[in-house]
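Here's the letter readout for the chains.
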Amino acid sequence: MSAGTYAPRPGAAPLTRMIAAQTALETRMLLRNGEQLLLTVIIPALLLVLFGSVDIVDTGSGDPVDFLTPGVLALAVMSTAFTGQAIATGFERRYGVLKRLGASPLPRWALMASKTLSVLVTEVLQVVLLTVIAFALGWSPHGDPLSVLLLLLLGTAAFSGLGLLMAGTLKAEATLAAANLVFLLLLVGGGVIVPMEKFPDAVASALGLLPIAALSDGLRDVLQHGAGVPWGDLGILAVWSVLGLGAAAKFFRWE
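Predicted model only: the values in this text are computed from it and were never measured. (Residues numbered from 1 in each chain as written. Predicted model: local features only at pLDDT ≥ 70, side-chain atom pairs only at ≥ 80, totals over all residues. Heavy atoms only, no water.)

## Focus on the overall build of the protein
Step number 1: If you tally the helices and strands in the protein, you get ten helices and zero strands.
Step number 2: Seen in sequence order, the protein has helices and strands lined up from the N terminus as α-α-α-α-α-α-α-α-α-α.
Step number 3: Relative to the 2.2 N^0.38 estimate, which gives 18 Å for 255 residues, the radius of gyration of the protein is 20 Å and therefore close to what a compact globule would have.
Step number 4: Within the protein, buried positions represent 46% of all 255 residues.
Step number 5: For the protein, the share of sequence-separated contacts (at least 6 apart) that also reach a separation of at least 24 residues comes to 82%.
Step number 6: Carbon together with sulfur atoms contributes 70% to the accessible area of the protein, which is approximately 12,400 Å² in total.
Step number 7: Distance between charge centres in the protein, computed from 15 positive and 16 negative side chains, equals 22 Å. (Helix = DSSP H or I, 4+ residues; strand = E, 2+ residues; numbered from the N terminus. Rg over C-alpha atoms; globule rule 2.2 N^0.38 Å. Buried < 20%, exposed > 50% of the residue type's maximum accessible area, 1.4 Å probe, protein only. Contact = heavy atoms within 4.5 Å. Areas by Shrake-Rupley, 256 points an atom, 1.4 Å probe, with all protein chains shown as cover. Lys, Arg positive; Asp, Glu negative; His and termini not counted. Charge placed at Lys NZ, Arg CZ, Asp CG, Glu CD.)

If you want it as structure tokens, here you go:
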């Protein structure tokens, strides 16, 4: 056998194939994790069914499901891109998984890209499930789908950056506690279930600058009220995206 005629030929696979394989692996791991599945799928679906069927919270005039569905969609994005990703990545960092993957032919930026693509795949499944439930409850959406897509993409970028920042700087146990605490606090104070009008004006103004409030309010303006492009909410999400992703890229520690 002459030199250089090995079969299969040794060496790394094409970059696109490596990213696709890692994305598929990350998605399977997320969907097989019972705790993450509870956080990203079951809790948002239960909240939509419960608060959309029972008059527990005063959501103003109109059908409660029209108010609740945009907020629950925002919650689903946060649960996957922020809470779920922060916890999973934090423990991968603790167990040395990220360090070993960082030494593989897959570049580190491609590994993070795979995690982001996995988040997007999961969010598509969430949006489809929640949309089906909402239609079953009598949801009547309005507005431009492109505006909804822009809000979801920028919301994902903002929460993903914050989740990676937390996972790359805190210990895994601290990340687990902090991510779940933030999830609960923003569930109550982010305009997901409780309208922002229920809070004092000063508090509502401050909460309106949070990414979950910008995402839920933007989605609500478009889907419930049929408004145009919510530039203000998109601007808030863009700022959080730049800050979160920039800080994560600078301060993330792989071990």
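## Points about empty space enclosed by the protein
Step number 1: Evaluation of the coordinates by the stated rule reveals one cavity of 30 Å³ or more.
Step number 2: Roughly 30 Å³ of internal volume is contained in the largest cavity.
Step number 3: Of all the elements in the fold, those that place two or more residues in the lining of the largest cavity are α2 (34-53) and α5 (108-136).
Step number 4: By residue class, the composition of the lining of the largest cavity is four nonpolar, two polar and no charged. (1 Å grid on protein atoms, 1.4 Å probe; cavity = no way out; pocket = protein on both sides within 12 Å on 5 of 7 lines; lining within 4 Å. Points joined across faces, edges and corners; volume = space filled by probe spheres on them. Nonpolar A, V, L, I, M, F, W, Y, C, P; charged D, E, K, R; others polar.)

## Points about a nonpolar patch on the surface
Step number 1: A grouping of L146, L149, L150 and L153 is seen on the molecular surface, where their side chains present a nonpolar patch of about 350 Å² in accessible area.
Step number 2: Tracing the backbone shows L153 in helix α6 (residues 145-169).
Step number 3: Judged by its relative accessible area of 43%, L153 is partly exposed. (Patch = residues over 30% accessible without salt bridge, like charges linked within 9 Å, V, L, I, M, F, W, Y side chains within 5 Å. Salt bridge = Lys/Arg side-chain N within 4 Å of Asp/Glu carboxyl O.)

## Details of the environment of V124
Step number 1: Topologically, V124 is positioned in helix α5.
Step number 2: Here the alpha-carbon distance between V124 and E173, two residues 49 residues apart in the chain, equals 29 Å.

## Section: the environment of G163
Step number 1: Structurally, G163 can be placed in helix α6.
Step number 2: Aside from chain neighbours lying at most four places away, what touches G163 is F82 and A86.

## What to know about the pattern of salt bridges
Step number 1: This structure, assessed with the given rule, holds four salt bridges.
Step number 2: With a shortest N-O distance of 3.3 Å, E26 and K115 are connected by a salt bridge. With a gap of 89 residues between them, E26 in helix α1 (residues 15-32) and K115 in helix α5 connect regions that are remote in the sequence. Of the two residues, E26 and K115, both sit in the buried class.
Step number 3: Beyond isolated ion pairs, a larger network of salt bridges with shared partners links E26, E92 and K115.

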